[in-house]
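Working through the structure, step by step
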Amino acid sequence: MMTEKTSLLGNGRHPEVSYAGVGGLHPSYQAADDNHHKVEVESTNIHSVVSFHNICYRVLDKAAGKDVYKNILTNISGVFAPGMNGIMGPTGSGKTSLLDVLAARKHPKGLSGAVLIDGKPQPAQFRLISGYVVQDDVVMGTMSVKENLRFSAELRLGKEISTSEKRRRVNDIIKELGLTKCADSKVGTLFIRGISGGERKRTNVGMELVTKPRILFLDEPTTGLDASTAKSVMTNLAQLSKRGRTIIFSIHQPRYSIFSQFNKLHLLSLGQTVYHGPANETNDFFGAAGYPCPEFNNPADFFLDVIIEQEQSENAIDGTKTLVEYFNKSKYNTVLEEEERKLTGLHRSDSFVEQVIDYPTSVFKQFAVLSKRAFTNMIRNPQTSSLQVLIMVVLGIFVGGLFWQLDTSQSSGIQNRIGVFFFMIMNVTFGNMSALEVFIYERVIFRHESASGFYRASAYFFSMVLCDLIPMRIVPTTIYCCITYWMIGLQPTATNFFIFLLDLLVTTMTGCSLVFCISATVGIYGIAVLIAAMSMIIMVVFGGLFINISSLPVWLQWLQYLSMFRFSLNTLTINELKGMVFCDPPLNASAHYYDPVTCITGEAYMDQQGIDYSTWGLWQNQMALGIMILVLLTLSYIQLRRIPKYK
C-alpha cells in the first residue's frame, strides 16, 4: 500500500484514502512525446492508472416522434497513466461524454462497462478525491484569485491540515501556475474588470490542485483562449504531469506545440475508438492505414480531417475496412488488450474493501465558509444591496406622504387604512422578486462545487438563505416600517407598532420563501419571474381586499388559505382597527355614545368581512404565515437537492 506525501504535488487529499499500485508502471505508460522525454514520477512511486473497459453509453432520443436510444459511446476501452492523456475527436464524437464517465460525473442510466483505478473498482465517491475543471470557467468573480483558492482549501482540506499549511499550499499553487502577479486581483464579473482568460483558467485548475489530486480531469481546457495563452495553460499541466499526476482532458484541434506535449492519445469517431496509444506514434498508425500526414501539416488537424472525411464518406480503407476496424486489428489494440488483462486480472485476484469517502469538513465549517463568501459577494456588489435599501426608503417616504396622518372618519378612515396596508404588503412581497437570483445565477457554481465535494447542499442552502434574508430583506423592511408607521399616523403604542413590524417581516420572509422555491426549481430567470408574478397575483385576488371571501362559492373559498396577502392583511387590520371608532361628524365631547348611522366600530367592520379579531384570531394568521415559510423553505431545499450533479 502506498503512503501519503505532503508536498504540493503529492497524492490525494484524504490521508485515509490510498490505492494499491499496479506493481510498477507498464512500459507503455511511460510513453515519450516527440522530444522522447519520459514521464517523471515522484520518488514515492505513487501513481494512479485509470483504465476503462467496454464503456457503452446511450441516451433516450426522439426520432420521428418515437423514443429511440442513441449510442454515444460504443465499447470504448483504454488505459491512462501518469502523464498528459488527451481525448480527441470531431464535434459529436463523444469526447466530453467519455471524460465525464471516467470522472464519475455521468448519470449511470444508460451506462455500462467498468472504470478501474489502479486495477481497483472506482470508489463510489470518486469525484471527492479527483479534480475536475469544467469547460466554462466556474469561479466567483467578486473574489480575488487568492481568495478563491483559499475558499477551496478551507472546504476541501480537513482539520488535520493547519491554517498555515493551507495558506502555504495556496501560495505554492499560485507560484506553480504563474498567478503571482494577479493573485490579489478580482477574477471579474460583468461589472468588475478582472483577470485574463488564461489566468481564469489557471485559477480553476488551481482550485482543484489544492487537494493534491493524483487524477485531474479537464474538459476543453483551451476553449476561449488565444494560441499563446492556451499553450501556457497546457505547458503548466504538462509540468504537473511530469511529477506523477494523471492528467486526462478532452481537446479539439490543438496546435502542434500543444499536441507535442501529449503522452497518450485516444481518438474517437462517432463514439468508437479510432486510435489509443502513444501520441507520438499516431502518425505511424495513420500512415500504415493509408493516410500519411503531409509535411508541414499539424498532425492533430490532419487526424481530425481524416476522421471527418471517413464519417461523411461510405468509402472505407482498402474498400472493406474502416479506421475503427483497422485499429481493432492493429498492434496498438493488441497492446491495449494485454494491459487490460493485467489490470482486470489484478482486480480479480486482489481482495477489495470498499472505501468510505466523506467530506473533509463538517457542515458547520462549510456553513461558516459559505456564509463568509456570500456576505463578501454582497458587499462587493453594493449596487444590489444598496439599491434594495434605497428603494424601500423612497417607497416609505412616498407611502408616508401619500397617506399622511390618516383621519378616523367613517367615509375614508377604514378604507384608507386597509388600502395602505394592502399597498405595503404588495411592496414587501413584490419587492422580493430579486431573490430569484439567489439560486439561479449561482446554479452553475453550485452544481460544479457540490459535485466536486466542496460542500453539502444543506450548508449551501442555509448560508444563501441567511445571507439574503437578513441584509437584503429584513433590514430594508424594518427601515420601511419605521418610516411609514408614524407618518401614516397609526395607533401610537409600542405594542401595535411591533405587531405591525412583525407582520411585515414575516410577510417578507413568506414572499422570499416562495421566490426561493421557484428559484430552486426553475433554472431560467425569465420563466421564474413569470411563475412568481402569476403566483402572487392569484394570492392578491384571494387576499380579501378586492372581494369579500365569505361571498365566494364554497368550492372557491379554500384558495384563501394559500394567500399570504390574506393572512398578513387580517393581522394588520385586527392590530389597527380593534377598539377604534370611525365617525363622519366629530363626536360630541360630552357624549358617551355614537350614532350608528354616522359611526362604525372597527369590530363591526371586521364582522362584515368575516375576520376573527380575537387574540387567537390575530396570532393564528401569524402562525399560518410561519407554516407557509417552513413548507416553502423545505420545498426549496428539496428542489435544490434535486438539481442533478451528473451530466
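Residues numbered from 1 in each chain as written. Predicted model: local features only at pLDDT ≥ 70, side-chain atom pairs only at ≥ 80, totals over all residues. Heavy atoms only, no water.

Here's the deal with the overall build of the protein chain
Along the backbone of the protein chain there are 22 helices and 12 strands. The buried share of the protein chain, taken over its 647 residues, is 53%. Within the protein chain, contacts between residues separated by at least 24 positions form 77% of all contacts whose residues are at least 6 apart in sequence. (Helix = DSSP H or I, 4+ residues; strand = E, 2+ residues; numbered from the N terminus. Buried < 20%, exposed > 50% of the residue type's maximum accessible area, 1.4 Å probe, protein only. Contact = heavy atoms within 4.5 Å.)

Describing the pattern of salt bridges
Inspection of the entire model under this criterion finds 13 salt bridges. The shortest N-O distance in the salt bridge between Arg 169 and Glu 165 comes to 3.9 Å. In this pair, Arg 169 and Glu 165 are both assigned in helix α3 (residues 163-176), four residues apart and thus about one turn of the helix distant. Judged by its relative accessible area of 6%, Arg 169 is buried. The closest approach of N and O atoms between Arg 473 and Asp 468, which form a salt bridge, is 2.9 Å. The exposure class assigned to Arg 473 is buried, which follows from its relative accessible area of 1%. Judged by its relative accessible area of 9%, Asp 468 falls in the buried class. One network of salt bridges, with partners in common, ties together Glu 165, Arg 168, Arg 169 and Asp 172. (Salt bridge = Lys/Arg side-chain N within 4 Å of Asp/Glu carboxyl O.)

Regarding the sheet that holds strand β3 (residues 83-88)
Taken in spatial order, the six strands of this open sheet run β6-β7-β8-β3-β9-β10, and their pairing is mixed. If you trace the sheet from one side to the other, it starts and ends with β6 (131-133) and β10 (272-278), each paired once. Each adjacent strand pair in this sheet contributes to an overall mean axis angle of 15 degrees, direction not counted. Bridge analysis of β3 against strand β9 (residues 264-269) gives four bridges, and the strand direction is parallel. Among the inter-strand pairings, Asn 85 is bridged to a residue of β9, identified as Lys 264. In this fold helix α4 (residues 197-209) packs onto β6 and β7 (215-219), with an angle of close to 165 degrees to the strand it touches most, β6. (Pairing = 2+ DSSP bridges. Axes fitted to C-alpha atoms, helices over the stretch in contact; angles between N-to-C directions.)

Considerations on the confidence of the model for the protein chain
Detailed reading of the predicted coordinates is not advisable wherever pLDDT falls low. Looking at the protein chain, pLDDT values average 82 and 85% of them are 70 or higher. Mean pLDDT across the secondary structure elements of the protein chain bottoms out at helix α19 (residues 554-557), with 71, and peaks at β3, with 94. Across residues 1-46 the pLDDT falls below 50, and counting only partners more than four positions away or on other chains, this stretch makes 128 contacts in the model. (pLDDT = per-residue confidence, 0-100.)

Remarks on a nonpolar patch on the surface
On the surface, Leu 387, Leu 390, Ile 391 and Val 394 cluster together into a nonpolar patch covering about 350 Å² of accessible area. Along the chain, Leu 387 falls in helix α12 (residues 382-402). (Patch = residues over 30% accessible without salt bridge, like charges linked within 9 Å, V, L, I, M, F, W, Y side chains within 5 Å. Areas by Shrake-Rupley, 256 points an atom, 1.4 Å probe, with all protein chains shown as cover.)

Observations concerning the packing of helix α13 (residues 413-430) against helix α18 (residues 525-541)
Remark: α13 packs on α18, axes separated minimally by 12 Å, with the N-to-C direction vectors making an angle of 165 degrees. Considering their axes alone, α13 and α18 lie roughly antiparallel with respect to each other. For the element pair α13 and α18, the recorded crossing hand is right-handed. On α18, the residues touching Phe 422, Met 426, Thr 429 and Phe 430 of α13 are Met 536, Ile 537 and Val 540. (Parallel < 35°, antiparallel > 145°, perpendicular 65-115°, else oblique. Left-handed = near helix turned anticlockwise from the far one by under 90°.)

So, helix α20 (residues 564-577)
Turn by turn, an α-helix covers 3.6 residues, leaving residues three or four places apart pointing in a common direction. Here α20 contains 14 residues, and its C-alpha end-to-end distance of 20 Å stays within 8% of the 20 Å for a straight helix at 1.5 Å per residue. Near the N-terminus of α20, the side chain that reaches the backbone nitrogen of Phe 565, with its oxygen 3.3 Å away, is that of Ser 563. Where α20 terminates, the next one or two residues include Gly 579, which has phi positive at roughly 90 degrees. (Expected span 1.5 Å × (residues − 1). Polar contact = N/O pair within 3.5 Å; in protein donor to acceptor, adjacent residues only side chain to side chain.)

Some thoughts on the layout of surface pockets
Estimates place the volume of the largest pocket at around 930 Å³. Along the walls of the largest pocket sit 28 residues, with Asn 377, Asn 381, Glu 437, Tyr 441 and Glu 442 positioned nearest its centre. For the lining of the largest pocket, the elements supplying multiple residues, two or more each, are α11 (363-379), α12, α14 (437-440) and α16 (457-488). For the lining of the largest pocket, the leading source of residues is α16, giving five residues. (1 Å grid on protein atoms, 1.4 Å probe; cavity = no way out; pocket = protein on both sides within 12 Å on 5 of 7 lines; lining within 4 Å. Points joined across faces, edges and corners; volume = space filled by probe spheres on them.)

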